[in-house]
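Coordinates in review
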Amino acid sequence: MRRIVLILMVVAGAFMSTGNMAAQRYAFVDMEYIMSNIPAYEAAQEQLDQQSQRWEQDIQTIYAEVEELYKKYQKESVFLSAEMKTQRENEIIDLENKAKKLQRQYFGPEGELMKRQQSLIQPIQEKVSVAIREIADREGYDAIFDMAGNMGVVYVKPRQNISDEVLKELGLAN
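Residues numbered from 1 in each chain as written. Predicted model: local features only at pLDDT ≥ 70, side-chain atom pairs only at ≥ 80, totals over all residues. Heavy atoms only, no water.

**Considering the overall build of the protein**
When helices and strands are tallied, the protein shows 6 helices and 3 strands. Listing the helices and strands of the protein from first to last along the sequence gives α-β-α-α-α-α-β-β-α. A total of 174 residues make up the protein; the buried ones form 21% of that total. On the protein, roughly 13600 Å² of surface is accessible, and the fraction owed to carbon and sulfur atoms is 55%. (Helix = DSSP H or I, 4+ residues; strand = E, 2+ residues; numbered from the N terminus. Buried < 20%, exposed > 50% of the residue type's maximum accessible area, 1.4 Å probe, protein only. Areas by Shrake-Rupley, 256 points an atom, 1.4 Å probe, with all protein chains shown as cover.)

**Here's the deal with the confidence of the model for the protein**
For the protein, the average pLDDT comes to 81, and 72% of its residues sit at 70 or higher. By mean pLDDT, the top-scoring element of the protein is helix H4 (residues 82-107) (96), and the lowest-scoring one is helix H1 (residues 2-20) (45). Considering only residues more than four positions removed or in separate chains, one finds that residues 3-20, a stretch of pLDDT under 50, has 0 contacts. (pLDDT = per-residue confidence, 0-100. Contact = heavy atoms within 4.5 Å.)

**A closer look at the packing of aromatic side chains**
Considering all chains together, one arrives at 5 aromatic pairs under this definition. Ring centres of Phe28 and Phe145 lie 5.7 Å apart, and the angle between their planes is 35°; this geometry places the pair in the tilted category. On the criterion of sequence distance, the pair formed by Phe28 in strand E1 (residues 26-29) and Phe145 in strand E2 (residues 143-146) is long-range, its members being 117 residues apart. The exposure class assigned to Phe28 is partly exposed, which follows from its relative accessible area of 48%. Site record: aromatic cluster; members linked through ring pairs are Trp55, Tyr106 and Phe107. (Phe/Tyr/Trp six-rings, centres within 6.5 Å; stacked < 30°, edge-to-face > 60°.)

**Points about helix H5 (residues 112-139)**
With 28 residues, H5 should cover 40 Å at 1.5 Å per step; its first-to-last C-alpha distance of 40 Å lies within 8% of that length. At Ile121, H5 is bent by approximately 40°, the largest bend along its length, and proline Pro123 sits one to four residues beyond. Those residues of H5 that sit buried are Leu113, Ile121, Ile124, Val128, Ile132 and Ala136. Gly140 lies just past H5 and shows a positive phi near 80°. (Expected span 1.5 Å × (residues − 1). Bend = angle between axes of the 7 residues up to and from the residue.)

**A closer look at the environment of Met31**
Relative to the elements of secondary structure, Met31 occurs in helix H2 (residues 31-36). On the basis of relative accessibility, which here comes to 10%, the residue Met31 falls in the buried class. Between the alpha carbons of Met31 and Asp146 there is a distance of 6.3 Å; along the sequence they are 115 residues apart.

**Considerations on the packing of helix H3 (residues 39-76) against H4**
Helices that pack against each other are described as a pair by the angle of their axes relative to one another and the distance between those axes. The contact between H3 and H4 brings their axes to 10 Å, and the two run at 165°. The orientation of H3 with respect to H4, classified from their angle, is roughly antiparallel. Handedness of the H3/H4 crossing: left-handed. Broken down by class, the residue content of the contact of H3 with H4 amounts to 14 nonpolar, 2 polar and 10 charged. (Axes fitted to C-alpha atoms, helices over the stretch in contact; angles between N-to-C directions. Parallel < 35°, antiparallel > 145°, perpendicular 65-115°, else oblique. Left-handed = near helix turned anticlockwise from the far one by under 90°. Nonpolar A, V, L, I, M, F, W, Y, C, P; charged D, E, K, R; others polar.)

**Looking at the pattern of salt bridges**
Summed over the entire model, instances satisfying the criterion amount to 3 salt bridges. Residue Lys71 is joined to Glu67 by a salt bridge in which the shortest nitrogen-to-oxygen separation is 3.5 Å. Separated by 4 residues within a single helix, Lys71 and Glu67 lie in helix H3, roughly one turn from each other. (Salt bridge = Lys/Arg side-chain N within 4 Å of Asp/Glu carboxyl O.)

**With respect to the pairing of E1**
The two faces of E1 differ: Ala27 and Val29 on one face are buried, but Tyr26 and Phe28 on the other face are not. Alignment of E1 against E2, held across 4 bridges, turns out to be parallel. Paired with Val29 across the strands is Asp146, a residue of E2. (Pairing = 2+ DSSP bridges.)

Structure, rendered in structure tokens:
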């Protein structure tokens, strides 16, 4: 008899606690699929790929010149004076540094490719993000997750964000 009463109390408690919790609705999107079906994104990506290949070719040309100068230096080093050796070595090093500088300039974290990518692709991504938020609000979704990439959560209703509560709990809230 005690077991039945205990089980009924646990079940009743579970129902009462879930009654206070609202069901959360969520959805998934495939950002790769969405982006690949936007012609402007495909065109921007193609433009970035072409520019990237041109820059890579420029850098490879310089490295090939460095290699050629080094081979020539190795063949002629026996006949060169110490001063001439130093001069040729410096030419090779300077040219190699030029190639490395171009690599950073074009492909570095704040390089030309990143800037162009930001100017071409970010506006498209923002439009997609706005569309996702509008659908989430209209359909009542609390969160939308990306199935395809590393983005994870694409949208969460502001009421689901408890960051301020965490800060308050830590004594850091205003």
